[in-house]
Amino acid sequence: MTSAAMISGHHGCLVGISKPTVFTGASAMFLLVYLALWKYHDSNNPLLASASSLPSDEMRNDLLNMVEQPEQFTSCDPTMNVSQFQKNDSIPVIYFVTPTYARSVQMAELTRLGQTLSSVPSLHWILVEDAPRCNPAVGQLLRRLAIPFTHLASAMPSAYKKLKIPPRGVSNRRAALQWIRSNIKQGVLYFGDDDNSYDLRLFDEIRDTRNISMFPVGLVGEYAVSAPVVHDGKVVGFYDSWPARRRFAVDMAGFAVNIKLLHQFPNATFIYKAGFEEDSFLQEIVTDANFIEAKAANCTQILVWHTRTVQVPMAMLQPPTLRIADTSISGLLHSLDEYKLASFSTSKGKPSSVHYLTDV
Ligand SMILES: *[C@@H]1O[C@H](CO)[C@@H](O)[C@H](O)[C@H]1NC(C)=O
């Protein structure tokens, strides 16, 4: 049953109550859920679409609770002072938001991306882990890079982890939006995943975004690109193989937003529905398509690619036993563990050994 059908069904039922009725605890609860659903139906909240794709009423309730609750997140480096990054106000600061999650390729991706970002002037990296706690190895990487950063952790609510396609990165991006709204007044916001590839010219293009800018992203979908279509300097449509009834068929890496819009539209956020996150956010903040600024030579250049790294399962190893004392093995295995490349057990997993060149 769709939620719309459920609402009209329940609506008829409610209208039928004309005589004094004794409410049991269960029916009172039912009424609350009904009212909550009706409220969101009424305000045409896109979250309802998300609610209807969830399998159980229990999860529906979880979702509705989350609508009103601020995102729960942890600040990993509370001593970081935002004002110290805002000295150079001659060029706008780019707030580059990256959601990330623990996997064997994570540290490799973050190292590569971090080194790209360290060659960009006036950039502040907001890295948000999909985890209940902050990973110290990630924090060390951020400090080594010596670029302004904010390190947060915000786990995907458990209700969504059970979905066939979990909406990855939503909780992280929502946390970043909340952090920016409470700490930052001006600048440009960009959402850059940890596995994409960025041409440094992209940053020059997006830095002067007055409202919202859009540009092509390579390696997206069956057209190998997701791109705005420009006519007379204006965005008039989208070249994207998955329109899916989205008003803005745009990839997460294909737009940048002036932070003043986040303050102008304080409720604009991402919905927990895989594939529809961008559209939900853009529909809130783009009130007039004429505000969209076409970048990358009227959307003819590719300055960012949706590259994807092959996922390598974490190795499960039995550590070598013979003659490893006083060798580098224990330090090496510590790094493998810290970077989540491998886990270790003395009884399970692949036995490992050292091939010695010389006697030790
Ligand atoms: C984009 O198109 C407009 C209108 O045709 C033109 O005036 C402008 O110079 C173009 N910009 C670039 C960077 O090519």
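What counts, and at which threshold
- Throughout this description, residue numbers start from 1 for each chain and increase along the sequence as written.
- Local features in a predicted model are, by the rule used here, given only for residues with pLDDT of at least 70; side-chain atom pairs are given and counted only at 80 or more, and totals for whole chains, interfaces and linings are based on all residues.
- Placing a C-beta atom from the backbone of each residue, we mark the residue near a molecule or strand if the atom is within 6 Å of it.
- Gly is put with the polar residues, along with every residue not named as nonpolar or charged; the nonpolar set is Ala, Val, Leu, Ile, Met, Phe, Trp, Tyr, Cys and Pro, and the charged set is Asp, Glu, Lys and Arg.
- A score from 0 to 100, pLDDT tells how confident the predictor is in each residue.
- The contact criterion used is a C-beta to C-beta distance within 7 Å, with each C-beta placed from the backbone.
- Here a strand pair is declared whenever DSSP counts at least two bridges between the two strands.
- Secondary structure elements follow DSSP: runs of H or I of four or more residues count as helices, runs of E of two or more count as strands, with numbering from the N terminus.
- UniProt positions are given in the numbering used here, feature names are shortened, and annotations may be inferred rather than shown by experiment.
- Partly exposed residues are those whose C-beta has more than 12 but fewer than 20 other C-beta atoms within 10 Å; with 20 or more the residue is buried, with 12 or fewer it is exposed, and the C-beta atoms are placed from the backbone.
- To count as a nonpolar core, a set of buried Ala, Val, Leu, Ile, Met, Phe, Trp, Tyr and Cys residues must be joined through C-beta atoms within 7 Å.
- As a rule, the C-alpha atoms of each element are fitted with a line to give its axis, helices using only the stretch in contact, and angles between N-to-C directions run from 0 to 180 degrees.
- Note on terminology: angles under 35 degrees are roughly parallel, angles over 145 are roughly antiparallel, angles of 65 to 115 are roughly perpendicular, and the others are oblique.
- A crossing counts as left-handed when the near helix is turned anticlockwise from the far one by less than a right angle, and as right-handed when that turn is clockwise.

(A) Quick peek at the site of the ligand. Around the ligand, the neighbouring residues are Asp-232, Gly-233, Ala-297 and Asn-298. Residue classes in the shell around the ligand are distributed as one nonpolar, two polar and one charged.

(B) How the structure looks around the confidence of the model for the protein chain. Averaged over all residues, the pLDDT of the protein chain is 82; the fraction at 70 or higher stands at 78%. Counting interchain partners and residues more than four positions distant, the pLDDT-below-50 stretch residues 1–55 has 37 contacts.

(C) How the structure looks around the sheet that holds strand 15 (residues 342–344). Taken in spatial order, the three strands line up as 15-14-16 in an open sheet, and their pairing is parallel. One side of each edge strand has no neighbouring strand; the edge strands of this open sheet are strand 15 and strand 16 (350–351). Relative to strand 16, strand 14 (residues 315–318) runs parallel, the two sharing two bridges. From the neighbouring strand, Leu-317 faces strand 16, where its bridge partner is Lys-350.

(D) Fine view of the pairing of strand 10 (residues 234–239). When strand 9 (residues 225–231) meets strand 10, the two strands line up antiparallel, connected through five bridges. Bridging across to strand 10, His-231 finds its partner in Lys-234. Counting the residues that bridge the hairpin from strand 9 to strand 10 gives two residues, and of these Asp-232 lies at a positive phi of roughly 55 degrees.

(E) Main features of the UniProt feature "glycosylation site" (unreviewed entry) in the protein chain. According to UniProt, the "glycosylation site" (unreviewed entry) feature falls on Asn-298. Tracing the chain through its elements places Asn-298 in helix 12 (residues 296–299). Classification of Asn-298 as partly exposed rests on a count of 16 C-beta atoms within 10 Å. Non-local contacts of Asn-298, meaning those with residues more than four positions away in its chain, are made with Val-230 and Gly-233.

(F) Structural context of the environment of Phe-255. Tracing the chain through its elements places Phe-255 in strand 11 (residues 255–258). Look at Phe-255 and you get buried, because 27 C-beta atoms sit within 10 Å. It is 8.3 Å that separates the C-alpha atoms of Phe-255 and Ile-206, two residues lying 49 residues apart in sequence. With near-sequence residues (within four places) excluded, Phe-255 lies in contact with Ile-212, Ser-213, Met-214, Val-250 and Leu-282.

(G) Seen up close, the nonpolar core. Grouped together as the largest cluster of nonpolar side chains are 60 residues, with contacts concentrated most on Ile-94, Tyr-95, Phe-96, Ile-126, Ala-176, Leu-189 and Tyr-190. Residues in contact with Leu-189, not counting those within four places in the same chain, are Tyr-95, Val-97, Ile-180, Ala-256, Val-257, Ile-259 and Leu-262. Counting residues in hydrophobic clusters, the runner-up holds nine residues, among them Ala-159, Val-170, Phe-276 and Phe-281.

(H) Focus on the packing of helix 5 (residues 106–117) against helix 6 (residues 136–145). With their axes 11 Å apart at the nearest point, helix 5 and helix 6 run at an angle of 15 degrees to one another. Here helix 5 is positioned roughly parallel relative to helix 6, judged by the angle of their axes. Along this stretch, helix 5 crosses helix 6, giving a crossing that reads as right-handed. Facing Met-107, Leu-110, Thr-111 and Gly-114 of helix 5, the residues of helix 6 in contact are Ala-137, Val-138, Leu-141 and Leu-145. Per-class residue counts for the contact of helix 5 with helix 6 are six nonpolar, two polar and no charged.

(I) Here's a closer look at the pairing of strand 4 (residues 149–153). The element strand 4 is extensively covered by neighbouring structure, given that five of its five residues are classed as buried. Side-chain alternation along strand 4 places Phe-149, His-151 and Ala-153 on one buried face and Thr-150 and Leu-152 on a second face that is also buried. With two bridges connecting them, strand 1 (residues 74–75) and strand 4 associate as antiparallel partners. Looking at the pairing, Thr-74 lines up with Ala-153 of strand 4. The pairing of strand 3 (residues 123–129) with strand 4 spans five bridges and is classified as parallel. Paired with Leu-127 across the strands is His-151, a residue of strand 4.

(J) Looking closely at the UniProt feature "site: Interaction with galactose moiety of substrate glycoprotein" (unreviewed entry) in the protein chain. The residues that UniProt annotates with the feature "site: Interaction with galactose moiety of substrate glycoprotein" (unreviewed entry) are Gln-318. Contact partners of Gln-318, with chain neighbours within four places excluded, come to Ser-345, Thr-346, Gly-349, Lys-350, Pro-351 and Ser-352.

(K) Fine view of the sheet that holds strand 2 (residues 94–100). Read from one edge to the other, the open sheet built from eight strands follows the order 1-4-3-2-5-11-7-12, with strand pairing classed as mixed. Every other strand in the sheet has two partners, leaving strand 1 and strand 12 (292–294) as the edge strands with one partner each. As defined by bridge partners, strand 7 (residues 212–214) adjoins strand 11 across three bridges and the pair is classed as antiparallel. When the bridges of strand 11 are listed, Met-214 appears paired with Phe-255. Sitting on the sheet, helix 6 touches strand 3 and strand 4, and the angle it makes with strand 4 is about 170 degrees.

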